[in-house]
Amino acid sequence: MARMSAEERRESVIRAATAEFARGGYHGTSTEAIAKRVGVSQPYLFRLFPGKKAIFLAAAERCVEDTIRTFGEASKGLEGEEALHAMADAYTQVIAERPEWLMMQMQMYVAVGAAEQDGDTEFGEAVRAGWMRLWDTVHLPLGADPNETTTFLAYGMLINCLTAMGFPPGHRVWEGMYPSARIKGRLEH
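Residues numbered from 1 in each chain as written. Predicted model: local features only at pLDDT ≥ 70, side-chain atom pairs only at ≥ 80, totals over all residues. Heavy atoms only, no water.

A. Molecular detail of the overall build of the protein chain. Counting its regular elements, the protein chain contains 8 helices and 0 strands. N-terminal to C-terminal, the α/β element order of the protein chain is α-α-α-α-α-α-α-α. Against the 2.2 N^0.38 benchmark of 16 Å for 189 residues, the protein chain shows a C-alpha radius of gyration of 18 Å, consistent with a compact globule. Its C-alpha atoms put the protein chain at 50 × 40 × 35 Å along the principal axes. (Helix = DSSP H or I, 4+ residues; strand = E, 2+ residues; numbered from the N terminus. Rg over C-alpha atoms; globule rule 2.2 N^0.38 Å.)

B. Structural view of the nonpolar core. Counting 56 residues, the largest nonpolar core has Phe56, Met104 and Phe152 as the members making the most contacts within it. By residue number, the principal contributor to this core is helix H4 (residues 52-75), which donates 11 residues. Here Met104 is in contact with Thr18, Phe21, Ala22, Phe56, Ala59, Ala60 and Cys63, once residues within four sequence places are set aside. (Core = buried A, V, L, I, M, F, W, Y, C linked by side-chain atoms within 4.5 Å. Buried < 20%, exposed > 50% of the residue type's maximum accessible area, 1.4 Å probe, protein only. Contact = heavy atoms within 4.5 Å.)

C. Structural detail: empty space enclosed by the protein. Tallying each qualifying case throughout the model produces 2 cavities of 30 Å³ or more. Among the elements of the structure, H4, helix H5 (80-97), helix H6 (99-117), helix H7 (122-139) and helix H8 (146-164) are those that each provide at least two residues to the lining of the largest cavity. Per-element accounting of the lining of the largest cavity gives the leading share, 7 residues, to H8. In the lining of the largest cavity, the residues fall into 13 nonpolar, 5 polar and no charged. In this structure, the second largest cavity occupies an estimated 50 Å³ of space. Lining the second largest cavity, in full, are Leu57, Ala60, Glu61, Val64, Ala126, Val127 and Gly130. (1 Å grid on protein atoms, 1.4 Å probe; cavity = no way out; pocket = protein on both sides within 12 Å on 5 of 7 lines; lining within 4 Å. Points joined across faces, edges and corners; volume = space filled by probe spheres on them. Nonpolar A, V, L, I, M, F, W, Y, C, P; charged D, E, K, R; others polar.)

The structure is reproduced here in structure tokens:
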């Protein structure tokens with residue numbers, strides 16, 4: 001079996017960190033748990049990343065970039081309603097298939113709020129910069145209309161909250177969603 005490069009190990013750490021932080025949050029996740037999941041020692045983990053905050057921010061950045069890529073691929077060549085429904089459908093499919101992705105997003109927002117209360121703005125700056133890239137990704141396909149963009153992202157946050165709380169597909173809370181924004185199939189947590 002070939003030995004992993006440092007970059008491949010970094011990727012493994014980001015994937016493991018996403019799963020661990022999604023479940024336990026920033027404060028409830030130890031670097032020991034991440035190292036164990038990857039199969040490396042903590043000292044090796046800290047050769048790849050300078051500390052827990054850097055690991056969390058790398059996982060948060062990956063989560064945002066994956067969402068941006070999902071929206072970008074879904075809306076490629078589409079505009080307006082077609083883009084909206086394609087992006088909504090792609091997103092709901094991904095969060096149903098990869099619940100850790102959704103939970104990592106939710107943990108990002110909690111971590112920003114907690115850090116900002118403690119006077120640490122680095123979390124917020126990084127997450128807000130990612131959010132603005134996400135905004136721009138959906139803004140153009142939706143006709144560069146701030147109201148359409150806001151509505152789309154507001155529905156997305158509602159979908160995140162309903163899914164995180166475990167409302168099953170078909171529950172009446174989903175009735176007000178346009179069909180492409182409804183969660184399909186069985187959610188697994």
